[in-house]
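Commentary on secondary and tertiary structure
Spelled out from the first residue to the last, the chains are:
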Amino acid sequence: MPVPRRVLTIFGTRPEAIKLFPLLHALAGDARFASRVCVTGQHRGMLDQVLTLSGIVPDHDLAVLQPGQSLDQLVARLLTGAGAVLDREAPDLVVVQGDTATAMAGALAAYHRHIPVVHVEAGLRSGDIHQPWPEEVNRRIIATLAALHCAPTPRAAAALWAENVDPAAVHVTGNTVVDALHWVRARLAAEPRLAGPIAQLQARFAGRRIVAVTCHRRENWGAGMGGIATALAQLAERDDVALVAPLHHNPLARAAMQEQLGEFPNVALVEPLDYPAFVHLLDIAHLVLTDSGGVQEEAPALGTPVLVLRETTERPEGVEAGTARLVGTDPQAILAEANRLLGDPAAHADMARAHNPFGDGHSAGRIVELMARLAPAA
Ligand code: UDP
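Residues numbered from 1 in each chain as written. Predicted model: local features only at pLDDT ≥ 70, side-chain atom pairs only at ≥ 80, totals over all residues. Heavy atoms only, no water.

1. Points about the nonpolar core
If you look at the biggest cluster of nonpolar residues, it comprises 62 residues, and the most contacted ones within it are F11, L23, Y275 and M371. The residues contacting M371, other than those within four sequence positions of it, are V7, L23, L27, F33, L93, V95, V118 and L148. If you look at the next biggest cluster of nonpolar residues, it comprises 32 residues, including A231, L243, I334 and L335. (Core = buried A, V, L, I, M, F, W, Y, C linked by side-chain atoms within 4.5 Å. Buried < 20%, exposed > 50% of the residue type's maximum accessible area, 1.4 Å probe, protein only. Contact = heavy atoms within 4.5 Å.)

2. Notes on the site of the ligand
The environment of the ligand is made up of 15 residues, and the closest members are R217, L273, G293, G294 and E298. At 2.8 Å from an oxygen atom of the ligand is found a side-chain nitrogen or oxygen belonging to R217. S292 has a polar side-chain atom sitting 2.9 Å from an oxygen atom of the ligand. Within the complex, 94% of the 540 Å² of free accessible area of the ligand lies under protein. For the shell around the ligand, the elements supplying multiple residues, two or more each, are helix 1 (14–28), helix 11 (275–284) and helix 12 (293–302). Among the residues making up the shell around the ligand, the classes are represented as seven nonpolar, five polar and three charged. (Near = heavy atom within 4 Å. Polar contact = N/O pair within 3.5 Å; in protein donor to acceptor, adjacent residues only side chain to side chain. Areas by Shrake-Rupley, 256 points an atom, 1.4 Å probe, with all protein chains shown as cover. Helix = DSSP H or I, 4+ residues; strand = E, 2+ residues; numbered from the N terminus. Nonpolar A, V, L, I, M, F, W, Y, C, P; charged D, E, K, R; others polar.)

3. What to know about the environment of G106
Mapping G106 onto the fold places it in helix 4 (residues 101–112). Judged by relative accessible area, which is 1%, G106 ranks as buried. Along the primary structure G106 and V170 are separated by 64 residues, whereas in three dimensions their C-alpha atoms are 20 Å apart.

4. A closer look at the pattern of salt bridges
Tallying each qualifying case throughout the model produces 32 salt bridges. The salt bridge involving R155 is made with E320; its shortest N-O contact spans 2.1 Å. On the criterion of sequence distance, the pair formed by R155 in helix 6 (residues 154–162) and E320 in helix 13 (residues 316–321) is long-range, its members being 165 residues apart. Among the ionic pairs, E191 bridges to R187, the shortest N-O distance being 3.1 Å. (Salt bridge = Lys/Arg side-chain N within 4 Å of Asp/Glu carboxyl O.)

5. Quick look at the packing of aromatic side chains
Within the structure shown, the criterion is met by one aromatic pair. Their ring planes at 65 degrees and their centres at 4.9 Å tell us that F21 and W183 sit as a pair that is edge-to-face. Of the two residues, F21 is situated in helix 1 and W183 in helix 7 (residues 176–190); the sequence distance between them amounts to 162 residues. (Phe/Tyr/Trp six-rings, centres within 6.5 Å; stacked < 30°, edge-to-face > 60°.)

Below, the structure written as structure tokens:
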């Protein structure tokens, strides 16, 4: 009997959990691997929602979240915490996803112990180290030390080659977010109650077109959020529209929205939604305004046009496919584009063609095979 390879997957935020649960499901069903999970708790409630939904029970929980801690303090706690878990677990492989502080610190701690790192969703680049901040640098750091780079798209793979990453270590796998989306849509179809509060909002706003909104990026805190909220307040003057905005837990990401949008009868500012409820919202929305990375990947798969509330995107594939458009945070630019899509059915239909350049829903299986090649069972 070959000895299974020990894999430790380290993650800490909601988007990482969403993009990793399909891989964790695949590893759990594969006798070549013994899969262990370390969560850092960089998010708390939003992370735990996804863990419960997907049935992932962490073996370690670093619970690093502390109110008001600086990035330095966070990274220091993550690095020493992940290092201690690695010393106990001594895995053959470490998996990290994306570009969070957790992913960067987890990868660095593994590198310090000469443990090969698998980077899921490798090769995204905005080309600007300040946007998204600090994620652009986190992912570049991970790219310098990973042993296996799972690029979601050919463009992401090309970005890694351009940085002289060993081409033999780079593979286009698709993005596991599409695997997650398929899984959750099947769950929603079987259990419609998972749509949660969105079903009630749909009834409350019957006859209006729903505009979904999410914004939380650090680089938008302050002036950016103010501009977005100003645009949304003007959009809410339309009587054919209702805005549904799940707020992020971070107070800095909530303040402007609550101040400017709290009083409108056709605006629902809600707590972070469980993943199935959020997917249902994206599905029924006429359009989505977002600064999120994952939402830019999910909405095209559902045929919902996306206006990206950022100046740059590391996911230009959606823009090229015609389902996403960059509008930044200037209120006039946001309003003009939203009003155009609400007023011109042909323009909306052009963007609403369901198309997904980010994956086919089989990414996790591909990544598991690549991991088996990297670390064959002994
Ligand atoms: N999401 C969710 N509930 C919400 C808002 C978003 O489950 O109320 C999901 C969404 O489907 C996507 C992920 O969270 O998969 C995006 O997370 P976020 O915007 O926090 O991070 P980013 O994608 O920008 O890293």
